[in-house]
Amino acid sequence: MSVLIKGGQVVTSSNRYQADVYVEGDKIKAIGTDLDYQAEEVVDASGKYVLPGAIDPHTHILLPFMGAHAKDDYETGTIAAACGGVTSIIDFDVQQKGESLLDALNRKKELARDKVAVDYSLHPAITDPRADVIAEVEKAAREYGTPSFKIFMVYDFRVDDATMIKLLQATKKHGGLVQVHAENFYIIQYLNEVLESQGKLSPYHHALSRPNIAEQEAVSRATKMVELTDSRIYIVHLSSKEALWTIKEARDRGLNILAETCPQYLLLNEDRYQEPGFNGAKYVMSPPLRTEESSLALWEGLRGGDVQVVATDHCPFDFKGNKDMFGQNDYKKIPNGAPGVETLLMLMHSEGVKKGRLSLEKMVDFLSTSTARIFGMKDKGEIAAGKDADIVVFDPGQKFTITKDRLHMNVDYTPYEGLEVTGMPSLVYSRGKKVAKWQDDRVEFVGRPGNGRFVKREPFDYTDPA
Ligand code: URP
Ligand code: ZN
Ligand code: ZN
């Protein structure tokens, strides 16, 4: 299959220019003005942007968590991704007790087989850090193609500080990267007890039980481990201004701390927990939503370079049936997580670029180029000759009102219900194949589940300054 995309504005992480893009098979073959290739499909992209497909490096497909399973499987989740202009996901592969990392990877790959509609990779999430598992980091980074490892400082499956140190040493030696869910377990445990004793158990109290300082303390501790081991770390789903200050301070001292934030922390605030009835449960996630001050600081962190990636933490639980199953009378029993993979690009464009909070080029960097570089996806993340033809032809003027019914995620709500965005994908290609298309009043999936591939990622480059 060959495609000639004519007359669009090609956007990279550093500039934009008018050009034609010629795709042959899986790859971008040529970029230039007035390209004269005979292609099977010719697309008129005048007035549109030609963007690299977004990469979402933080999804939880089918995550078993707090008595429920995240609702999207690899088919529904990657169809939704495609419709949102996300052409790769990196999904968390949470190790079960007793499993090796390879067993965990094979278990999740089996779930993905014949289902994935766009490319995917996996991050092992280490929850049973036996010596043989820490020894497996080398193979995971250098052979399995999964060089990034999530650890949790919180929840029942958290790792202790000594384990974190061992993992930082192992990843440094073998080209891996530790990703940290940073919240202080004991602060939260204590506040849970206090709130419980006062009968304060509504969704709003979820936020009170996990204050900014719980995130800041854990981030601070993680940076000390990095200092001790002269290694690197990546903080996932950064939410608070205080934790960001700690990262900034550490980076200013020369420590290699990378960070990701998510649209929900940039766009939504803790007042959502005060919505009538049990509605606040829709926003029960960890870390919780914060005040507007934190959101403003996170935008600044993105602009200033202290935050390098925007991901979604896509973890969809139904409002009816999951969120309310055990949690009606106790926020601690509400499955933590919210849907987001499909709304990533539209939100970052409409709320970020259109509102002047960041440039189009920066958006491409946070959603594609920087993500591909950090996570070793060497064929992804840029509109450039030789790269995979993961392309979004994006109409910056297309209006769309976000409603659950017009989205494809397999979940009964969206946190952005009723929000009008400006700018939507017109066409989405995954390795040269059309997977999604704007039609009437929404994006439709036109690809085939099973066409997505597992992406073997490169080890992390420790010579590249973080
Ligand atoms: O609330 C969240 N974030 N749920 C998903 C699991 C995690 O910690 O990322
Ligand atoms: Zn997490
Ligand atoms: Zn997560």
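Our subject is the structure listed above.
First things first, this report covers the structure right here in the doc. Just so it is clear, the structure is predicted and the values come from calculations on it, not from any experiment.

Side note on the overall build of the chain
Per the secondary structure count, the chain includes 13 helices and 19 strands. Its C-alpha atoms give the chain a radius of gyration of 21 Å, near enough to 23 Å, the size a compact globule of 466 residues would have. Principal-axis analysis of the C-alpha atoms places the extent of the chain at approximately 70 × 50 × 40 Å. Evaluated residue by residue, the chain yields a buried proportion of 62% over its 466 residues. Within the chain, contacts between residues at least 6 apart in sequence are counted, and of these 76% link residues at least 24 apart.

Thoughts on the coordination of the zinc ion (ligand 3)
Protein coordination at the zinc ion (ligand 3) comes from His 58 (NE2), His 60 (NE2) and Asp 313 (OD), with a distance range of 1.9 to 2.1 Å. Each of the four donor atoms bound to the zinc ion (ligand 3) contributes to angles spanning 89 to 135°, and the resulting shape is tetrahedral. All donors of the zinc ion (ligand 3) come from a single chain, and their spacing in sequence reads H-x1-H-x252-D. A distance of 3.7 Å spans the gap from the zinc ion (ligand 3) to the zinc ion (ligand 2). With a gap of 255 residues between them, His 58 in strand β6 (residues 54–59) and Asp 313 in the loop between β15 (309–310) and α11 (319–327) connect regions that are remote in the sequence. Owing to a relative accessible area of 0%, His 58 belongs among the buried residues under this scheme. With a relative accessible area of 8%, Asp 313 lands in the buried category.

Details of the site of ligand 1
What surrounds ligand 1 is a group of 13 residues, the closest being Lys 150, His 181, Ser 286, Asp 313 and Asn 336. A distance of 3.1 Å separates an oxygen atom of ligand 1 from a polar atom in the side chain of His 60. With respect to ligand 1, the side chain of Tyr 155 contributes an N or O atom lying 3.2 Å from an oxygen atom. Protein chains shield 99% of the accessible area of ligand 1, which is 260 Å² for the free molecule. Placement of ligand 1 is best described as lying within the largest pocket. Along the lines of polarity and charge, the residues of the shell around ligand 1 split into four nonpolar, seven polar and two charged.

Topic: empty space enclosed by the protein
Applying the stated criterion across every chain, the model contains three cavities of 30 Å³ or more. In this structure, the largest cavity is lined by Pro 263, Gln 264, Met 285, Thr 312, Ala 338, Pro 339, Gly 340, Thr 343, Leu 347, Pro 415 and Tyr 416. Taken together, the residues of the lining of the largest cavity break down into seven nonpolar, four polar and no charged.

So, the pairing of strand β11 (residues 148–152)
Of all five residues in β11, five are buried, a share of seventy percent or more. Burial along β11 is two-sided: the face carrying Ser 148, Lys 150 and Phe 152 and the face carrying Phe 149 and Ile 151 are both buried. Taken together, the five bridges between β11 and strand β12 (residues 177–181) define a ladder with parallel strand orientation. Residue Phe 149 lies in a different strand from β12, and its bridge partner there is Val 178. Handedness of the crossover is the feature at issue here: the chain leaves β11, passes through helix α4 (residues 161–174), returns alongside β12, and the resulting connection is right-handed.

Observations regarding the side chain of Lys 380
Mapped onto the elements, Lys 380 comes out in the loop between α13 (360–374) and β16 (391–401). A residue is classified by how much of its surface remains accessible, and Lys 380, at 5% relative accessible area, is buried. Reaching out from Lys 380, the side chain makes a polar contact with the side chain of Asp 390 at a distance of 2.9 Å. Apart from the residues within four sequence positions on either side, Lys 380 is in contact with Ile 55, Ser 88, Asp 119, Ala 372, Lys 387, Asp 388, Asp 390, Arg 431 and Val 455.

Describing the coordination of the zinc ion (ligand 2)
Within the protein, the zinc ion (ligand 2) binds to Lys 150 (NZ), His 181 (ND1) and His 237 (NE2); these donor distances fall in the range 2.2 to 2.3 Å. Each donor residue of the zinc ion (ligand 2) belongs to the same chain, with the gaps between them written as K-x30-H-x55-H. Taking the relative accessible area as the measure of exposure, His 181 reaches 1% and is therefore buried.

Points about the packing of aromatic side chains
Applying the stated criterion across every chain, the model contains 14 aromatic pairs. Where Tyr 22 meets Tyr 37, the ring centres are 3.9 Å apart and the plane angle is 5°; that geometry is what we call stacked. With a gap of 15 residues between them, Tyr 22 in strand β2 (residues 16–24) and Tyr 37 in the loop between β3 (27–32) and β4 (41–44) connect regions that are remote in the sequence. Ring geometry for Tyr 74 versus Tyr 120: centroids 5.6 Å apart, planes at 55°, classification tilted. With Tyr 74 in helix α1 (residues 74–83) and Tyr 120 in strand β10 (residues 119–125), the pair connects residues that are 46 residues apart, well separated along the chain. You'll find Tyr 74 and Tyr 120 in the same group, each marked buried. Taken together, the aromatic side chains of Phe 65, Phe 152, Tyr 155 and Phe 157 make up a single cluster linked through ring pairs.

Points about the packing of helix α7 (residues 212–229) against helix α8 (residues 241–252)
Viewed as axis vectors pointing N to C, α7 and α8 meet at an angle of 20°, and their least axial separation amounts to 7 Å. As far as their axial angle goes, α8 and α7 are roughly parallel. Between α7 and α8 lies a crossing of right-handed hand. Counted together, Asn 212, Glu 215, Gln 216, Val 219, Ser 220 and Thr 223 of α7 and Lys 241, Glu 242, Ala 243, Thr 246, Ile 247 and Ala 250 of α8 form the full contact between these two elements. For the contact of α7 with α8, the per-class residue count stands at four nonpolar, five polar and three charged.

What counts and how
Residues numbered from 1 in each chain as written. Chains lettered and ligands numbered in written order. Predicted model: local features only at pLDDT ≥ 70, side-chain atom pairs only at ≥ 80, totals over all residues. Heavy atoms only, no water. Helix = DSSP H or I, 4+ residues; strand = E, 2+ residues; numbered from the N terminus. Rg over C-alpha atoms; globule rule 2.2 N^0.38 Å. Buried < 20%, exposed > 50% of the residue type's maximum accessible area, 1.4 Å probe, protein only. Contact = heavy atoms within 4.5 Å. Donors = N, O, S within 2.8 Å, 3.2 Å for Na, K, Ca; no water. Tetrahedral: all angles 85-135°; square planar, octahedral: opposite > 155°, others 65-115°. Near = heavy atom within 4 Å. Polar contact = N/O pair within 3.5 Å; in protein donor to acceptor, adjacent residues only side chain to side chain. Areas by Shrake-Rupley, 256 points an atom, 1.4 Å probe, with all protein chains shown as cover. 1 Å grid on protein atoms, 1.4 Å probe; cavity = no way out; pocket = protein on both sides within 12 Å on 5 of 7 lines; lining within 4 Å. Sits in = over half its atoms within 2 Å of the grid points. Nonpolar A, V, L, I, M, F, W, Y, C, P; charged D, E, K, R; others polar. Points joined across faces, edges and corners; volume = space filled by probe spheres on them. Pairing = 2+ DSSP bridges. Right-handed = clockwise from strand over helix to strand, strands pointing away. Phe/Tyr/Trp six-rings, centres within 6.5 Å; stacked < 30°, edge-to-face > 60°. Axes fitted to C-alpha atoms, helices over the stretch in contact; angles between N-to-C directions. Parallel < 35°, antiparallel > 145°, perpendicular 65-115°, else oblique. Left-handed = near helix turned anticlockwise from the far one by under 90°.

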